[in-house]
Amino acid sequence: MEKKKILVTGGAGYIGSHTVVELHEAGYEPVIIDNFSNSKESALDGITAITGQQFRCYRVDCTNAAAMREVFEQEPGLEGVIHFAAYKAVGESVEKPLEYYHNNVGSLVALLQVMREFNVTNLVFSSSCTVYGIPENLPVTEQTPVQKANSPYGNTKKICEEILSDVAQSASTLRSIALRYFNPIGAHPSAKIGELPLGVPNNLVPFITQTAAGIREQLTIFGEDYDTADGTCVRDYVHVVDLAKAHVTAVERLLEAKGDKIEFFNVGTGSGNTVLEAVQAFERATGVKVNYKVGPRRAGDVPKIYADVTKATEVLGFRTNSTLEEAMKSAWDWQLSLQDSVTNV
């Protein structure tokens, strides 16, 4: 039987690469688009090492509708799209709002236009819990009001969700699922792919692993005066492989034409941990101490947020399988594999 073909924008990125692997494992044929502005081509080698397959990859900027059109022309029979391609650093978005709006909103608009031209009607959109702003009640459900975003990055996700909702209200045949991620961490158990930040990491876990490896001198924890158990921010840390599997179940739901024209799902573990607890979990999982200090609060950070995942569990059948310690151990194994590859060059 011919495999169903799914286009993955940003497929060489952190979550994208893991999702490509899980799509393959589930019997789909992934096709990758990536402009490698925030990823490395070595991720493709990692995907091949895990799957034994080389998937077609197009070096294309998703804001370029003409270039996207060429990909769709060369890949007839696409059953759906998973759209990851976006800038994703909260702090950077505060410094570079125009770049974030152009890339994150512009790429979705271009993609939707091309999907309409080629009658590709299924889209899984990479959204974020940042659309909830600073929530009044925890945990957040999909009915928690979407609030004013705390950063330009968060606002791009909010705007993109509004675009998808507006399209759903129109005569369009598009069916979409927006997955609101909480905090993806960890790496594939093979240590062949993982989070690979270019330059100084913007996310907590790669900064932890690089500090533990001696690449960074010290980790800074931003703020210790929040209203939390130890004063540091609370996040819902979900293993990236679990998150990738959620995309496969979302694709399956779309292809089976279940649900409404647009649906929203939280993807997290359903519990929160402070930043300090995350550091301690890494130390327990690896036996390696992390040199850290506490600094001032960082612009754009939400004090605490974690998911109610009842809807994703009941409707998508999504469940997380990994503990925080297991995710941290996989991130460390990935970091060590990077060190080995540098040593062996």
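Just so we're clear, the structure is a prediction, and the values are computed from it rather than from any experiment. (Residues numbered from 1 in each chain as written. Predicted model: local features only at pLDDT ≥ 70, side-chain atom pairs only at ≥ 80, totals over all residues. Heavy atoms only, no water.)

Colleague: Explain the layout of surface pockets to me, and be specific about the residues and the numbers.
Modeller: Unoccupied space between atoms shows up once a probe the size of one water molecule is rolled over them. By volume, the second largest pocket is sized at about 260 Å³. Taken together, 14 residues line the second largest pocket, and the ones lying closest to its centre are Leu112, Gln113, Arg116, Val167 and Ser172. Those elements that provide at least two residues to the lining of the second largest pocket are helix H5 (97–117) and helix H6 (152–169). Sort the elements by how many residues they give to the lining of the second largest pocket and H5 lands first, with 5 residues. The residue inventory of the lining of the second largest pocket, partitioned by class, reads 7 nonpolar, 6 polar and 1 charged. (1 Å grid on protein atoms, 1.4 Å probe; cavity = no way out; pocket = protein on both sides within 12 Å on 5 of 7 lines; lining within 4 Å. Points joined across faces, edges and corners; volume = space filled by probe spheres on them. Helix = DSSP H or I, 4+ residues; strand = E, 2+ residues; numbered from the N terminus. Nonpolar A, V, L, I, M, F, W, Y, C, P; charged D, E, K, R; others polar.)

Colleague: Lay out empty space enclosed by the protein with the relevant residues and their values.
Modeller: Using the criterion set out here, one finds 1 cavity of 30 Å³ or more in the structure. What the largest cavity holds in volume is close to 40 Å³. Around the largest cavity sit Ile6, Gly80, Val81, Ile82, Asn122, Leu123, Val124, Val251, Leu254 and Leu255, which together line it. Contributions of two or more residues to the lining of the largest cavity are made by strand E4 (78–83), strand E5 (122–128) and helix H8 (240–255).

Colleague: Requested: an account of the packing of helix H1 (residues 14–25) against helix H2 (residues 42–51), with residues and values cited.
Modeller: When two helices pack together, their arrangement is given by the angle between their axes and by how far apart the axes lie. In the contact formed by H1 and H2, the axes pass within 10 Å of each other and the chain directions differ by 25°. Between H1 and H2, the angle falls in the class roughly parallel. Of the two elements, H1 crosses H2, and the hand of that crossing is right-handed. Of H2, the residues touching H1 (which contributes Ser17, Val20, Val21 and His24) are Ile47, Ile50 and Thr51. Along the lines of polarity and charge, the residues of the contact of H1 with H2 split into 4 nonpolar, 3 polar and no charged. (Axes fitted to C-alpha atoms, helices over the stretch in contact; angles between N-to-C directions. Parallel < 35°, antiparallel > 145°, perpendicular 65-115°, else oblique. Left-handed = near helix turned anticlockwise from the far one by under 90°. Contact = heavy atoms within 4.5 Å.)

Colleague: An account of the pattern of salt bridges is requested, with residue identities and associated values reported.
Modeller: Enumeration over the complete set of coordinates arrives at 15 salt bridges. For Arg180, the salt bridge is made with Glu161, and the minimal N-O distance between the two is 2.7 Å. Linking Arg180 in strand E6 (residues 175–181) with Glu161 in helix H6, this pair joins segments that are 19 residues apart in sequence. Note on accessibility: Arg180 and Glu161 belong to one class, buried. (Salt bridge = Lys/Arg side-chain N within 4 Å of Asp/Glu carboxyl O. Buried < 20%, exposed > 50% of the residue type's maximum accessible area, 1.4 Å probe, protein only.)

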